[in-house]
Amino acid sequence: MNKTKDNEKLFKFFSYLLLCLLLLSLFKIVYETSDYTKKVTNESIIIKKQIYENDKNYNINIFYPKVKNVKVNNIINEYITNYKNDFIKRSKNNKNAFLKIDYSLTFIKDYLIVYFNIKDNTNQKRINKSIIIDTNENKETSIKNFIKNEKEFELIIKDKVTKKYANDISKEILKLNINDYDINIKDNYFYVTFNDLEINLNYVPTINFKIRDIIELDDIAVFNEVENNDIKQKKYIALTFDDGPNKKTTNAIIDTLSLNDSKATFFVLGNRIKYNKEVILRQKAIGNEIGSHTYSHKNLTKANLNEYNEELNSTNILFNEITSDYIKLLRPPYGAVNSFVKENSPYPLILWDIDTLDWMSLNAKKVSDHVLKNVKDGDIVLMHDIYESTAEAVKIMVPELKERGFELVTVSQLAEIKNIKLEKGKVYRKFN
Ligand code: NI
């Protein structure tokens, strides 16, 4: 009896021990995970800040991170402020100057890398910049601190550079000091960019290699904010512009779109494309879509069949003379559609579900606010590319839409993405 009890006690003891060990090991994993998260979130209570300035001579759109640590923020702010001031000085001799800065963040051990992607048409020399911050010391530091072996690193660089670039370029690159390198980390790859070269190139040399080659992978916690953003499900919309083209305002809109890797659809009037061939050709080259808005903005529900056909054919012929391509979409003026218009249309009829009323308000903020407040995946947005206020509205809304995870595509692309086959004579207001 006693012996059995002893055995039972022993069994219980070992069971507890096992359970404790199990719990301890579990606890350890949880602890490490939470520590990692804490460490990242401590530094990364990040607020995305924007500076938007528009002047006669320039347009500035800067995104930069604000983290919890004031000293770290000062380093970031100082760089942004200095760059911006230099840009404004340069823009005095440069009409239509633009500056766009975006960023990504990476944490490696106690180091934070802020990588700025810079688009600046007044400064061909530098297109990006990385700032490495030691978050224990709260000061700017060098790449030397987190690479395994500086010599080995230099050898990898030398090898990659000489293989990738011609002799004279390689020589210039290898003149740079390790502290001059701008670095970025993305998808387990380490990118080294060589700005500030003595020779003039129309590109900035960059090489990349696996992180594992230069950093002890066990030691690092990479947190890439941009990657996190990419995980968000993509949303797609089509911005559309009617009644153009107009040399000044249409070109301004195209500039903004290109700068933000975005596309749109322009429903043009035949009687305006005659005098704006360059704008049409530029649109085509960039990949924007061009549809018909008739020749003379005629209300097609009030036209007879001859007038109807003439409105569409003359526009198509002109378009074909300029681009060797054919019109594929129609936006009926005033959005006026009836069975006559549908039955006789050789094109799909593209209407909209978000009407900005930009022609009525002529107010950039109202227009951009309306879009930002109402837009959702699959929407078609109506604007007019003949107003300066609309061009301004596009400058405000496009970077913000991209920021919110929208991809801006053409009407045909949007239909394709949503698996909708466009049919002639059918009305489309949205694709969702
Ligand atoms: Ni119109």
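So, a few notes on the structure that sits alongside this text.

About the cut-offs
Residues numbered from 1 in each chain as written. Predicted model: local features only at pLDDT ≥ 70, side-chain atom pairs only at ≥ 80, totals over all residues. Heavy atoms only, no water. Helix = DSSP H or I, 4+ residues; strand = E, 2+ residues; numbered from the N terminus. Buried < 20%, exposed > 50% of the residue type's maximum accessible area, 1.4 Å probe, protein only. Areas by Shrake-Rupley, 256 points an atom, 1.4 Å probe, with all protein chains shown as cover. Donors = N, O, S within 2.8 Å, 3.2 Å for Na, K, Ca; no water. Core = buried A, V, L, I, M, F, W, Y, C linked by side-chain atoms within 4.5 Å. Contact = heavy atoms within 4.5 Å. Pairing = 2+ DSSP bridges. Axes fitted to C-alpha atoms, helices over the stretch in contact; angles between N-to-C directions. Phe/Tyr/Trp six-rings, centres within 6.5 Å; stacked < 30°, edge-to-face > 60°. Lys NZ or Arg CZ within 6 Å of the ring centre and 35° of its normal.

1. Some words on the overall build of the protein
A tally of regular secondary structure across the protein gives 14 helices and 17 strands. Relative to its full complement of 432 residues, the protein shows a buried share of 46%. Carbon together with sulfur atoms contributes 50% to the accessible area of the protein, which is approximately 23300 Å² in total.

2. What to know about the coordination of the nickel ion
Within the first shell, the nickel ion binds the protein through Asp-243 (OD), His-293 (NE2) and His-297 (NE2), at distances of 2.1 to 2.2 Å. Between the donor residues of the nickel ion, the gaps in sequence give the motif D-x49-H-x3-H. Each of the two residues, His-293 as well as His-297, counts as buried.

3. Overview of the nonpolar core
Leu-239, Phe-241, Phe-266, Val-375, Met-383, Met-397 and Leu-401 are the most contacted members of the largest nonpolar core, which totals 40 residues. Once you skip the residues sitting within four places of it in the chain, Phe-241 turns out to touch Ile-253, Ala-264, Thr-265, Phe-266, Phe-267, Met-383, His-384, Asp-385, Thr-390 and Val-394. Among the nonpolar cores identified, the runner-up in size contains 26 residues, and Ile-60, Tyr-64, Ile-75 and Ile-118 belong to it.

4. A word on the sheet that holds strand S2 (residues 58-66)
Pairing is mixed across the open sheet formed by six strands, whose spatial order is S1-S2-S3-S4-S5-S6. The open sheet terminates on both sides in strands that have one partner only, identified here as strand S1 (47-54) and strand S6 (139-141). Each strand of the sheet is rotated relative to its neighbour by a mean of 25 degrees, with strand direction disregarded. Bridge count for S1 against S2 is eight bridges, and the pairing is antiparallel. Bridge assignment links Gln-50 to a residue of S2, and that residue is Phe-63. Running over the sheet, helix H2 (residues 70-91) touches S1, S2, strand S3 (97-108), strand S4 (111-120), strand S5 (128-134) and S6 and is turned about 175 degrees from S2.

5. Quick notes on the packing of aromatic side chains
According to the stated counting rule, one finds eleven aromatic pairs in the structure shown. A centroid spacing of 5.8 Å and a plane angle of 20 degrees characterise the contact between Phe-190 and Phe-209, whose relative ring orientation is stacked. You can see Phe-190 sitting in strand S8 (residues 189-193) and its partner Phe-209 sitting in strand S9 (residues 206-210), a full 19 residues away along the chain. Relative accessible area serves as the criterion here: at 0%, Phe-190 is assigned to the buried category. Judged by centre distance (5.0 Å) and plane angle (20 degrees), the ring pair of Phe-241 and Phe-266 falls under stacked. Taken together, the positions of Phe-241 in strand S10 (residues 235-242) and Phe-266 in strand S11 (residues 265-268) put the pair 25 residues apart, joining distant regions of the chain. Classification of Phe-266 as buried rests on a relative accessible area of 1%. One aromatic cluster is present, built from ring pairs that chain together Phe-153, Tyr-181, Phe-190, Phe-194 and Phe-209. Positioned above the aromatic ring of Tyr-83, the side-chain terminus of Arg-90 is 5.6 Å from the ring centre.

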